[in-house]
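# Chains, contacts and geometry: an overview
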Amino acid sequence: MVRTLFPSLAGLLPLVMFLLVGCGRSPPRGEVKRIETYHLQLETPAGWTGGGAGGIYEFHSPDGTGRVRIAALEGASSAVGLKDAQWMAGTGATIHKRLLPTSPVKIGALVGERTRVAASDRRVYEIIALSVTLGERKAVVLIQTSVSAEHAEKDPAAVDALFTSLRQSIQASGATSGPG
């Protein structure tokens, strides 16, 4: 009986290997969003929708819990030392609590700062402020990624992974240069 069992198992091995390899496929890649006005690009998770108008770009998750807003910060020429109101520009919210201290960030030749906050609109934001040169003008571009506070409380690891993947996907594309 043992001898007849082994040939049967050996015959199943290729099927088991096929199933294991087939089930181990990577998740679908995100979608590269080109922000032509600021010569940036980033990769949002698959299924996020949105676009830009008037220098403001917004992308949303299918369920509405996640958002990315990209816009220039009016009147600023350096991303260092921003005030709370500047970090939250365009959101209609104020900072309720700092979740991570402000820290330096470098994306290619671009430099700036990032912070993570809980805001008055019941959202958690990771905000990146980049110093850029657009033509002859120095500017600051804010990349405000946010999720609902409920989502952040329910699945903090997924939220941290979202913030990290979006931050790491940001790239300069084209004529944008560092603070020179």
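Right, let's walk through the structure included here. The structure displayed is predicted, hence computed values, not measured ones.

What counts, and at which threshold
Residues numbered from 1 in each chain as written. Predicted model: local features only at pLDDT ≥ 70, side-chain atom pairs only at ≥ 80, totals over all residues. Heavy atoms only, no water. Pairing = 2+ DSSP bridges. Helix = DSSP H or I, 4+ residues; strand = E, 2+ residues; numbered from the N terminus. Contact = heavy atoms within 4.5 Å. Axes fitted to C-alpha atoms, helices over the stretch in contact; angles between N-to-C directions. Salt bridge = Lys/Arg side-chain N within 4 Å of Asp/Glu carboxyl O. Buried < 20%, exposed > 50% of the residue type's maximum accessible area, 1.4 Å probe, protein only. 1 Å grid on protein atoms, 1.4 Å probe; cavity = no way out; pocket = protein on both sides within 12 Å on 5 of 7 lines; lining within 4 Å. Points joined across faces, edges and corners; volume = space filled by probe spheres on them.

Strand pairing in a sheet relies on backbone hydrogen bonds. The paired strands run either parallel or antiparallel. Strand order across the open sheet formed by 3 strands is β1-β2-β10, with antiparallel pairing between neighbours. Every interior strand has two partners, whereas the edge strands, β1 (31-35) and β10 (171-172), have only one. Strand direction decides the pairing type here: strand β2 (residues 40-44) and β10, joined by 2 bridges, are antiparallel. Considered in β10, the bridge of glutamine 41 is made with glutamine 171. Sheet strands in contact with helix α4 (residues 156-169) are β2 and β10, and its direction is about 150° off that of β2.

Another aspect to go through is the pattern of salt bridges. Using the criterion set out here, one finds 8 salt bridges in the structure. One salt bridge connects arginine 69 with glutamate 58, and the closest N-O pair in it is separated by 3.8 Å. Pair noted here: arginine 69 is in strand β5 (residues 66-72) and glutamate 58 is in strand β4 (residues 56-60), with a separation of 11 residues, a long-range link. For glutamate 58, a relative accessible area of 30% puts it in the partly exposed group. One connected set of salt bridges, linked through shared partners, spans Arg114, Arg116, Glu126, Asp160 and Arg167.

So, on to empty space enclosed by the protein. Unfilled space is identified by rolling a water-sized probe across the atoms. Tallied over the entire structure, the rule returns 1 cavity of 30 Å³ or more. One number sums up the size of the largest cavity: a volume of about 50 Å³. Lining the largest cavity are Glu126, Ile128, Ile143, Thr145, Phe163, Leu166, Arg167 and Ile170. Among the elements of the structure, β8 (123-134), β9 (137-148) and α4 are those that each provide at least two residues to the lining of the largest cavity. It is α4 that provides the largest number of residues to the lining of the largest cavity, a total of 3 residues.

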